[in-house]
Amino acid sequence: SAVISQKPSRDICQRGTSLTIQCQVDSQVTMMFWYRQQPGQSLTLIATANQGSEATYESGFVIDKFPISRPNLTFSTLTVSNMSPEDSSIYLCSVEKWDPNTGELFFGEGSRLTVL
Amino acid sequence: AQSVSQHNHHVILSEAASLELGCNYSYGGTVNLFWYVQYPGQHLQLLLKYFSGDPLVKGIKGFEAEFIKSKFSFNLRKPSVQWSDTAEYFCAVRTGTASKLTFGTGTRLQVTL
């Protein structure tokens, strides 16, 4: 398994500001992902955080709005830039412990952002 | 691109009732299938998964799911639900060699005493 710590767990932010969310894993992992869970909706993948290179973004998400860093195999950050109320959501860090037969994703507890 | 459909958005059951939550996906190739559960105020946890082999998969807490390839389905079942099963349930699919998951919209299960 993997233990994932996210900071902050929740925050209230003002429109136009930026917030960086940190994700720390208790062991080295190859794959790290950032998901968004908007109120009453499912999880949507924002991007794959690649160690040592630029993140891979899904359709509808761009680096200028959601810059991601991944300096090593246990840590990543997601920044939500120039926030608006539509960015109010839970942001989840996820990692994969890969085994060809049993690989699964583990999730952090999420960071609940409210933008006023 | 693949998609995942969960047709039941909100299900209300009495304790001891049987449960079946539908999940259908659209992808013609090899898939890995997952059910995750999110209890109130907690993070997502894996209930069960299917990679290959026996299409009837047993998970934690008495849950099971059956992969029916011809129907592109992976429905979740439990013979007798408990109040503590109140949670949101998400079906997810991984296709090919990609690691990322595509999630369904989720089903909110409410179990009444």
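Scroll up for the structure.
**Section: the overall build of chain A**
Right, so step 1: Within chain A, the regular secondary structure consists of zero helices and 11 strands.
Right, so step 2: Counted from the first residue to the last, chain A has its helices and strands arranged as β-β-β-β-β-β-β-β-β-β-β.
Right, so step 3: Taking 2.2 N^0.38 as the reference for a compact globule, 116 residues should give roughly 13 Å; the C-alpha atoms of chain A span a radius of gyration of 14 Å, in line with that estimate.
Right, so step 4: On the principal axes, the C-alpha backbone points of chain A span a range of 45 × 30 × 25 Å.

**Let's talk about the state of the cysteines**
Residues and elements named next belong to chain B.
Right, so step 1: Here the structure, examined in full by the defined rule, presents two disulfides over all chains.
Right, so step 2: Cys23 shares a disulfide with Cys91; S-S distance 1.9 Å. Its torsion about the S-S bond being -65 degrees, the disulfide of Cys23 and Cys91 is classed as left-handed. Taken together, the residues span a long stretch of sequence, with Cys23 in the loop between β3 (19-21) and β4 (24-26) and Cys91 in strand β10 (residues 87-95) at a distance of 68 residues.

**Description of the pairing of strand β4 (residues 31-37) of chain A**
Residues and elements named next belong to chain A.
Right, so step 1: When you tally the buried positions in β4, you get six out of seven residues, the bulk of the element.
Right, so step 2: Across seven bridges, β4 lies against strand β9 (residues 89-97) in antiparallel orientation. Paired with Trp34 across the strands is Cys93, a residue of β9.
Right, so step 3: For β4 and strand β5 (residues 43-49), the ladder comprises six bridges, and the chain directions are antiparallel. Looking at the pairing, Arg36 lines up with Thr44 of β5.
Right, so step 4: Here β4 folds back onto β5 in antiparallel fashion, the turn holding five residues, of which Gly40 has a positive phi close to 70 degrees.

**Structural notes on the sheet that holds strand β1 (residues 4-7) of chain A**
Residues and elements named next belong to chain A.
Right, so step 1: Read from one edge to the other, the open sheet built from four strands follows the order β1-β3-β8-β7, with strand pairing classed as antiparallel. Of all the strands in the sheet, the pair left with one neighbour each is β1 and β7 (68-72). On average, each strand axis in the sheet is tilted by 15 degrees relative to the strand beside it, whichever way the strands run.
Right, so step 2: When strand β3 (residues 19-25) meets strand β8 (residues 75-80), the two strands line up antiparallel, connected through six bridges. Bridge pairing links Cys23 to Ser76 in β8.

**What to know about the pattern of salt bridges**
Residue and element names in this part refer to chain B.
Right, so step 1: Applying the stated criterion to the full structure yields seven salt bridges over all chains.
Right, so step 2: Here Lys78 makes a salt bridge to Asp85, at a shortest N to O gap of 2.8 Å. The burial state of Lys78 is the same as that of Asp85; both residues are buried.
Right, so step 3: Note that Arg108 and Glu88 form a salt bridge whose closest N and O atoms lie 3.2 Å from each other. Separated by 20 residues along the polypeptide, Arg108 in strand β12 (residues 107-112) and Glu88 in strand β10 bring together distant segments of the chain.
Right, so step 4: We classify Arg108 as partly exposed; its relative accessible area is 44%.
Right, so step 5: Three or more residues joined by partner-sharing salt bridges are found here, namely Lys58, Glu64, Glu66 and Arg77.

**Some remarks on the layout of surface pockets**
Right, so step 1: In this model, the largest pocket occupies a volume close to 590 Å³.
Right, so step 2: If you go around the largest pocket, you meet 28 residues; those closest to its centre are Ile90 and Arg112 of chain A together with Gln38, Gly41 and Gln42 of chain B.
Right, so step 3: For the lining of the largest pocket, the secondary structure elements donating two or more residues are β9 and β11 (111-115) of chain A together with β10 and β12 of chain B.
Right, so step 4: For the lining of the largest pocket, the per-class residue count stands at eight nonpolar, 15 polar and five charged.
Right, so step 5: In this structure, the second largest pocket encloses a volume near 280 Å³.
Right, so step 6: Looking at the second largest pocket, it is lined by 15 residues, and the ones nearest its centre are Leu43, Thr44 and Leu45 of chain A together with Thr102 and Phe103 of chain B.

Calculation notes
- Residues numbered from 1 in each chain as written.
- Chains lettered and ligands numbered in written order.
- Predicted model: local features only at pLDDT ≥ 70, side-chain atom pairs only at ≥ 80, totals over all residues.
- Heavy atoms only, no water.
- Helix = DSSP H or I, 4+ residues; strand = E, 2+ residues; numbered from the N terminus.
- Rg over C-alpha atoms; globule rule 2.2 N^0.38 Å.
- Disulfide = S-S within 2.5 Å.
- Buried < 20%, exposed > 50% of the residue type's maximum accessible area, 1.4 Å probe, protein only.
- Pairing = 2+ DSSP bridges.
- Axes fitted to C-alpha atoms, helices over the stretch in contact; angles between N-to-C directions.
- Salt bridge = Lys/Arg side-chain N within 4 Å of Asp/Glu carboxyl O.
- 1 Å grid on protein atoms, 1.4 Å probe; cavity = no way out; pocket = protein on both sides within 12 Å on 5 of 7 lines; lining within 4 Å.
- Points joined across faces, edges and corners; volume = space filled by probe spheres on them.
- Nonpolar A, V, L, I, M, F, W, Y, C, P; charged D, E, K, R; others polar.

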